[in-house]
Structures are given as structure tokens and as C-alpha cells.
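Understanding the architecture of this molecule
Given next are the chains, with one letter for each unit.
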Amino acid sequence: QYIFNNMIKLGDKITLEGFENLEPGNITILKKMIGNFVRKISEERNFSNFTLKLSNKYDVHSELHINSKKLENKASNPNLFFCLTDIFKEIESQL
């Protein structure tokens, strides 16, 4: 993990934007959630990159490039973890 210009890079294929000011404990949980999700969807698919953008405390936009397709989703929830869960469910329904 490294931070560059308000972006957190998790390996070569995962980018988090706007998450750098969260508490370290929350970042750790988010990284686990995101890592598990990406591992699950990339087992049988050609996954190239995944970007999550936090625009305020409650809104997350995702962009996933997989199988030569670009899937974009948005979710809002006062609980960031529920927000990510909603995005993951939406992505899985589109695959």
C-alpha cells in the first residue's frame, strides 16, 4: 500500500481515492473487504483494475474493468462498510 496524490494504491490493480483521511483501523477493514471481493470476482474473469472513489463520507463510486468491460456503480450510506457491500452486490449482479 502506498499513498500518492490523495490515492491509496493496493497493489497494481486497486486504487482508492478519497479514503486517505479515514482512521487506520477502518482502512484495514476496507482493505480486507476489497481484497476478498476482488479475489472472488477475479478467479474466473480477466480483471484489469478496480477504482473506488469516496466523494464525501457517504457516497462511493466504483469503476471496475473486467472481461474487457467497464462497470460503474454508485452507492450512498452513512455506514461506509454497508456502502461497499451494496456496491459489491451490484457489481456481482452485472457479471
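All figures in this text were calculated on a predicted structure; none of them were measured in a lab. (Residues numbered from 1 in each chain as written. Predicted model: local features only at pLDDT ≥ 70, side-chain atom pairs only at ≥ 80, totals over all residues. Heavy atoms only, no water.)

Counting its regular elements, the protein contains two helices and six strands. Listed N to C, the secondary structure of the protein is β-β-β-α-β-β-β-α in terms of helices and strands. Whereas a compact globule of 95 residues would reach a radius of gyration of roughly 12 Å, the protein reaches 12 Å, a difference of no more than 12%. With 95 residues in all, the protein has 36% of them scored as buried. For the protein, restricting intrachain contacts to residue pairs at least 6 apart in sequence, the fraction spanning at least 24 positions comes to 37%. Working note: accessible area of the protein is about 5800 Å², and carbon and sulfur atoms make up 47% of it. Looking at the protein, you have 13 positive and 12 negative side-chain charges, and the mean spots of the two groups are 3 Å apart. (Helix = DSSP H or I, 4+ residues; strand = E, 2+ residues; numbered from the N terminus. Rg over C-alpha atoms; globule rule 2.2 N^0.38 Å. Buried < 20%, exposed > 50% of the residue type's maximum accessible area, 1.4 Å probe, protein only. Contact = heavy atoms within 4.5 Å. Areas by Shrake-Rupley, 256 points an atom, 1.4 Å probe, with all protein chains shown as cover. Lys, Arg positive; Asp, Glu negative; His and termini not counted. Charge placed at Lys NZ, Arg CZ, Asp CG, Glu CD.)

The next point concerns the packing of aromatic side chains. Taken as a whole and assessed by the stated rule, the structure comprises two aromatic pairs. Pairing F37 with F50 gives two aromatic rings, centres 5.9 Å apart and planes at 45°, and the pair type is tilted. Separated by 13 residues along the polypeptide, F37 in helix α1 (residues 24-42) and F50 in strand β4 (residues 47-54) bring together distant segments of the chain. A relative accessible area of 0% places F50 in the buried class. Grouped by ring-pair contacts, the aromatic residues F37, F50 and F88 constitute a single cluster. (Phe/Tyr/Trp six-rings, centres within 6.5 Å; stacked < 30°, edge-to-face > 60°.)

The residue N67 is not glycine, and still its phi comes out positive at about 50°. When you line up the elements, N67 lands in the loop between β5 (59-66) and β6 (69-76). Residue N67 is classed as partly exposed on the basis of its relative accessible area, which comes to 38%.

Next up on the list: the nonpolar core. If you look at the biggest cluster of nonpolar residues, it comprises 27 residues, and the most contacted ones within it are F19, I34 and F50. Every element with two or more residues in this core is listed here: β2 (7-10), β3 (14-17), α1, β4, β5, β6 and α2 (80-94). Among the elements that take part in this core, α1 stands out by supplying seven residues, more than any other. Here F19 is in contact with I8, I27, L30, L52, K53, L54 and L80, once residues within four sequence places are set aside. (Core = buried A, V, L, I, M, F, W, Y, C linked by side-chain atoms within 4.5 Å.)

Here we take up the pairing of β5. With six of eight residues buried, β5 lies mostly within the body of the structure. Judged from the seven bridges that link them, β4 and β5 form a sheet pairing that is antiparallel. The partner of T51 across the bridge, within β5, is E63. Where β5 lies against β6, eight bridges are found, and the strand directions are antiparallel. Residue pairing for β6: D59 is matched across the bridge by S76. (Pairing = 2+ DSSP bridges.)

No statement about biological role is implied by the geometric values presented.
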